[in-house]
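One-letter residues, chain by chain:
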Amino acid sequence: MRAAGLRRRSTAVRRWLEHHALSLTAIATAGVLAVMLYLPVGVVFVNAAFDDGVATLAFFREVLTDPFYVGVLADLFAEPLAVRAHLESLLGWLAAVSVSISLEYPIPGVPLPIPWPSLETPGIRTGLFGFTAYQAALSTVASVALGLPAAYILAKYEFRGRRTLRSLTILPFVLPGIMVAVGFYAMFGRTGTLNQLLGIAGLGPYPFIEWNPLAIVIVAHAFYNAPLVARVTVAAWESVDVRTVETARSLGASPRRAFRDVVVPQLLPAVLTGALLTFIFTFMTFPIVLALGGLQLATVEVWIYDRVRRLAYSEAATLAVLETVLSLGLTYAYLRYESAQSGLARGATSPSRTPLFPDLRTALSPRRVAIVGYGILTLVVFVGPMASLVVGGVTDGSGFTTRHYAFLLERQLEGADYQTLPLVAIRNSLLFGLATLVVAVPMGIVVSVVTVRADRGGAIVDTLAMLPLAVSGVVFGIGLLQGLVFGIPLPGGWRIQVTGAVAIVAAHAVAAYPFVTRNISPLLANLDPAMVESARALGASRYRALRDVELPLVASGIVAGAAFAFAISIGEFSSTVILASGGDTYTMPVAVERYLGRRSGPAIAMGTVLLVITAASFVVVDRVGGRFEG
Amino acid sequence: MKRRTFVGAVGGSTVAGFAGCLTRDGEDDQGNGTETGDPEPEDPDLEGELRVATYESMVDGENPAGPWLKQAFEEEYPDAELTWTIPNNGINDYIDREQQGADIDADVYLGANVDDLVRIDDNLDDGGLLRDLNVDRIDRADRIRDGLDMGDPHGRVLAYDTGYICLVYDENVVDEPETLDDLTEPAYEDALLAQNAQQSDPGQAFLLWTIDAYGEDGYLDYWQGLEENGIRVLNDWSESYTGAYMEGDRPMVVSYSTDQVFANQYDYDMSRHQIAFPNDQGYANPEGMGVFEGASEVDLAYEFLDFALSSDAQAQIAQRNVQFPAVAAEHVDLDEEFDRYAHVPPEAVTVGYEELRGNLDGWVENWAREFASQ
């Protein structure tokens with residue numbers, strides 16, 4: 001009797017939980033966001049609008065009327081009502097603009113002409129914001145251009161190691177900025193790997209980095225972001241409903257036509273998602289621009305960092321709020337587009353892949369040759385810097401050396417508990433990565449479900465949910481420090497502090513869930529809404545309909561999102577270093593930074609360890625995830 | 001079926017709770033050390049935990065001085081325990097904490113630059129955060145070399161080591177520049193690498209050096225000349241040195257005058273590690289130590305300051321951290337090799353507290369805008 005009662009009760013509890021699973025996860029998500037995101041960001045942002053406790057717009061006015069920040073727009077903000085004067089100066093300017101396209105040879109010594117648009121303008125002043133947006137736009141174009149071919153190859157062709165390669169695409173994502181910079185110098189510097197290879201053929205040396213600093217910064221941005229574009233697009237491609245293509249073909253469409261009219265519309269949201277994320281990231285890019293390009297290429301984030309460093313929080317916050325507003329504005333515009341897309345996909349039967357190199361004849365076809373050419377390019381841009389970095393870890397002035405690894409070993413064996421031990425860093429990185437995955441995936445799914453195909457209000461919620469991507473990393477870090485590490489003052493002189501492992505995982509999850517959402521939402525939007533409706537009509541709860549009908553169909557997006565969540569956690573630096581201070585909760589990127597002294601060897605060795613451990617875990621995460629993709 | 005279990009497991013997991021930690025602010029009754037002047041106690045309390053805040057490379061780099069200091073100090077004061085704490089943003093963390101009324105978890109600050117003192121005074125009360133030291137309690141204080149006085153009107157810090165900023169160059173490519181003016185000459189076109197003074201210590205030191213040489217009204221013109229001659233200003237020392245200089249992109253970099261110590265240790269070709277002191281000068285960056293106003297182990301803190309100036313500690317700090325000792329030569333015994341490869345400029349330049357106060361931010365901002373303005 002009792003057992004039956006218990007069973008009945010537990011069934012009731014389960015049913016209740018199942019019924020409320022979505023809302024419970026949503027509430028938990030909101031709670032995590034409130035503590036780990038809105039509070040720390042709010043603590044800093046408030047400085048932009050209050051001066052000694054009095055609300056003011058003075059800080060915004062100051063920034064918006066300073067030509068250094070906003071260029072020619074400063075006049076507009078200074079006197080918004082002088083419409084006539086503004087129009088006149090605009091017309092005068094437009095009259096003097098000319099656009100020309102010339103053929104340039106950007107790769108020294110290689111006769112490869114590339115049409116280079118040049119814009120002749122009469123000395124427009126773009127300001128810091130203008131330049132920041134300009135370099136972000138160029139970086140986005142480069143990332144999409146480099147990322148899409150990879151997505152195409154990974155989705156359309158079968159070859160040995162395809163799955164492993166797919167898992168490894170986002171490896172650049174986890175590298176600390178300083179390691180990327182060192183890797184780029186080691187690859188493209190005058191005595192770097194590329195020049196050494198060219199030297200064998202009697203070419204060079206070429207000053208690749210000196211030749212055009214902006215170009216090398218854009219390539220470095222593509223190094224980070226092209227893999228992102230590729231991974232998001234592959235996930236979408238693998239969940240394209242092949243039957244829609246077959247239907248089009250049976251109705252007489254040519255393969256090209258079927259691709260253009262059926263596949264492209266299903267991929268476009270994913271491609272645009274990748275482009276949007278790339279733009280936002282490179283808009284807020286920080287160490288890499290100055291590390292490779294120099295101060296002439298300073299972005300808004302550089303100025304924010306400077307203001308934080310000299311404790312001028314009002315100015316820092318004002319600049320950061322403007323950055324966020326611009327990023328979220330762009331996000332909103334995109335999400336309005338995404339939610340207007342309503343697909344009719346009813347299944348994820350991923351396209352059959354053709355072998356890449358079935359025989360010699362095919363291998364020599366123009367398409368295959370182009371793929372080989374692209375492969376060489378990716379070797380130079382992606383593998384080159386990482387491989388050169390690894391080599392840097394085993395060399396010193398006299399050639400090959402193991403002393404940097406001996407340092408890691410010695411530190412592990414003999415280091416004191418207040419020092420940074422490599423194994424502890426590795427353990428923490430893996431644990432936090434897994435925990436982040438477990439927390440961020442449900443958070444991301446819930447946000448997707450709540451907002452996908454929703455009305456204007458849903459798009460606003462979705463936009464606000466993307467805040468973690470749109471907040472300056474420098475500001476988020478200082479907010480965590482002032483808000484959570486120093487403690488939130490409560491009445492009676494009490495302070496509540498939030499630090500340590502759980503806080504780190506929560507911060508990582510907050511940074512990671514937007515990637516889950518952005519990987520899943522385009523796919524969910526693509527599904528035929530009638531499927532959920534019929535499941536609901538048959539009595540399934542919203543949760544069951546999601547679990548049994550929708551999620552299996554977007555599994556490739558979930559796996560991609562999970563891989564991103566793991567990668568974000570492994571690579572995260574700025575909030576980890578703050579929440580880990582004084583404890584043994586540091587991670588691999590933190591260890592890299594702490595080992596970086598007057599000689600870079602130990603840090604590079606640790607960076608290599610980070611790469612190897614991460615690569616291995618990506619393969620595992622993708623394999624485990626792949627079992628559920630079918 | 002498998003697919004469903006996976007999705008079910010993910011969808012059903014819950015979000016973990018937070019490890020919140022509740023603390024209560026201590027009564028801040030030791031706050032104003034200024035008026036007491038820390039008289040010499042008859043019976044100093046030398047027992048307890050001395051918390052020393054410092055920078056990362058003191059404890060975490062290759063063979064740092066930190067572990068040695070801890071061990072030797074604890075041997076000398078058997079009832080004391082030294083613990084290291086590494087703030088994320090250096091002195092700024094403590095200024096922030098002071099402003100917000102949060103706890104300051106350290107007794108001694110090891111590694112204050114002159115501009116740190118300026119930043120304290122710009123943001124807190126004049127002469128705040130650190131105590132006015134009673135130098136009579138620190139017997140070895142008079143060993144500190146002339147010229148390493150950090151110029152603080154409140155006497156809050158004593159130098160414990162110093163570095164000199166100079167130029168490191170590749171003699172196979174360029175000749176040694178005799179003067180700062182030379183750097184704007186065609187012989188040094190596209191040759192020099194420097195660092196962003198907004199965030200890099202050597203970068204800021206080099207900028208201040210040019211302000212010392214050309215004055216407040218002339219330094220921007222000089223930099224205009226450098227810019228026209230193709231200077232590259234990178235983020236930080238690491239990228240400019242490890243990246244651009246070591247990979248042969250450019251033959252000259254703003255760096256430290258101890259460069260050859262490392263080059264020798266790591267078997268690098270000395271011809272690529274030549275030291276230049278243009279104008280026969282180098283910019284001195286002394287590092288200071290002080291005691292927090294709210295320190296709970298004041299007596300131990302004073303003992304630590306004295307200990308850090310002892311001959312042994314000075315030699316260890318210098319050789320392990322590759323810096324120059326703060327005490328005069330007769331009070332410290334350095335390896336011959338260190339002496340041979342660590343170069344001291346004929347004349348050391350420093351822009352002192354009085355000049356920096358109220359000017360530093362403006363100087364740096366005007367300079368940075370000159371570069372970044374599109």
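Sequence order as written defines residue numbering, which begins from 1 separately in each chain. For naming, the first written chain is A and the first written ligand is 1, with later ones following in the order written. Given that the model is predicted, a residue must reach a pLDDT of at least 70 before its local features are reported, and side-chain atom pairs must reach 80 or more before they are shown or counted; all residues, however, enter totals for whole chains, interfaces and linings. Side-chain measures here rest on the full set of heavy atoms in the structure, leaving out hydrogens and waters.

Per an unreviewed UniProt entry, chain B goes by Thiamine ABC transporter substrate-binding protein and derives from Natrinema salsiterrestre.

S.K.: Explain the environment of Ala205 of chain B to me, using residue names and the numbers behind them.
M.R.: Residues and elements named next belong to chain B. Helix numbering and strand numbering both begin at the N terminus, where a helix is a DSSP run of H or I of at least 4 residues and a strand a DSSP run of E of at least 2. Along the chain, Ala205 turns up in helix α6 (residues 201-228). The class for Ala205 is buried, based on a relative accessible area of 2%. A sequence separation of 125 residues divides Ala205 from Ala80, and the C-alpha atoms of the two residues are 37 Å apart. Any two residues whose heavy atoms approach within 4.5 Å are treated as being in contact. Once you skip the residues sitting within four places of it in the chain, Ala205 turns out to touch Ile165, Tyr283 and Asn285. Residue burial is assigned from relative accessible area. The probe radius is 1.4 Å, only protein chains are included, and a residue is buried under 20% of its type maximum, exposed over 50%, and partly exposed in between.

S.K.: I'd like a rundown of the side chain of Thr132 of chain A, residues and numbers included.
M.R.: Residue and element names in this part refer to chain A. Examined against the element boundaries, Thr132 turns out to sit in helix α6 (residues 127-156). Using a relative accessible area of 0% as the deciding quantity, one classes Thr132 as buried. Of note is the side chain of Thr132, whose polar atom sits 2.5 Å from the backbone oxygen of Leu128. Apart from the residues lying within four places of it in its own chain, the contact partners of Thr132 are Phe283, Thr299 and Val300. Here a polar contact means two N or O atoms within 3.5 Å. Within protein one must be a hydrogen donor candidate and the other an acceptor candidate, and residues neighboring in sequence count only if both atoms are side-chain atoms.

S.K.: How would you sum up the packing of aromatic side chains? Please name residues and give values.
M.R.: Centres within 6.5 Å make a pair out of two Phe, Tyr or Trp rings, where for Trp the six-membered ring is used; the pair is then stacked when the planes are under 30 degrees apart, edge-to-face when over 60, and tilted otherwise. Enumeration over the complete set of coordinates arrives at 41 aromatic pairs over all chains. Here the aromatic rings of Phe173 of chain A and Phe564 of chain A are separated by 5.6 Å at their centres, their planes lie at 70°, and the arrangement is edge-to-face. Of this pair, Phe173 of chain A sits in the loop between α7 (162-168) and α8 (177-188) while Phe564 of chain A sits in helix α27 (residues 555-571), and the two are 391 residues apart along the sequence. Classification of Phe173 of chain A as buried rests on a relative accessible area of 13%. Pairing Phe73 of chain B with Phe307 of chain B gives two aromatic rings, centres 5.4 Å apart and planes at 65°, and the pair type is edge-to-face. Linking Phe73 of chain B in helix α3 (residues 66-76) with Phe307 of chain B in helix α9 (residues 298-308), this pair joins segments that are 234 residues apart in sequence.

S.K.: Could you give an account of the confidence of the model for chain B, naming the residues involved and the relevant values?
M.R.: Residue and element names in this part refer to chain B. pLDDT expresses, on a scale from 0 to 100, how confident the predictor is about each individual residue. In this model, chain B carries an average pLDDT of 89, and 90% of its residues clear a pLDDT of 70 or more. Low confidence marks residues 1-19, where pLDDT is under 50. Its contacts with residues over four positions away, or in another chain, come to 35 contacts. Here residues 26-35 is a poorly scored stretch, pLDDT under 50, and it has 10 contacts once near neighbours within four places are set aside; other chains count. Interface confidence for the predicted complex, expressed as ipTM, amounts to 0.88; the pTM equals 0.89.

S.K.: Please provide a residue-by-residue account of the pattern of salt bridges, values included.
M.R.: Salt-bridge detection follows one rule: a side-chain nitrogen of Lys or Arg within 4 Å of a carboxyl oxygen of Asp or Glu. A full pass over the atoms with the stated rule returns 35 salt bridges over all chains. Across the salt bridge formed by Arg166 of chain A and Glu238 of chain A, the nearest N and O atoms sit 2.6 Å from each other. Placement of the pair is Arg166 of chain A in helix α7 and Glu238 of chain A in helix α11 (residues 213-238), with a sequence separation of 72 residues. Residue Arg166 of chain A shares its accessibility class with Glu238 of chain A, and that shared class is buried. The salt bridge involving Asp107 of chain B is made with Arg51 of chain B; its shortest N-O contact spans 3.2 Å. Taken together, the residues span a long stretch of sequence, with Asp107 of chain B in the loop between α4 (91-100) and β4 (108-112) and Arg51 of chain B in strand β2 (residues 48-53) at a distance of 56 residues. One network of salt bridges, in which partners are shared, links Asp66, Asp306, Arg307, Arg310 and Glu315 of chain A together with Asp361, Glu365 and Arg369 of chain B.

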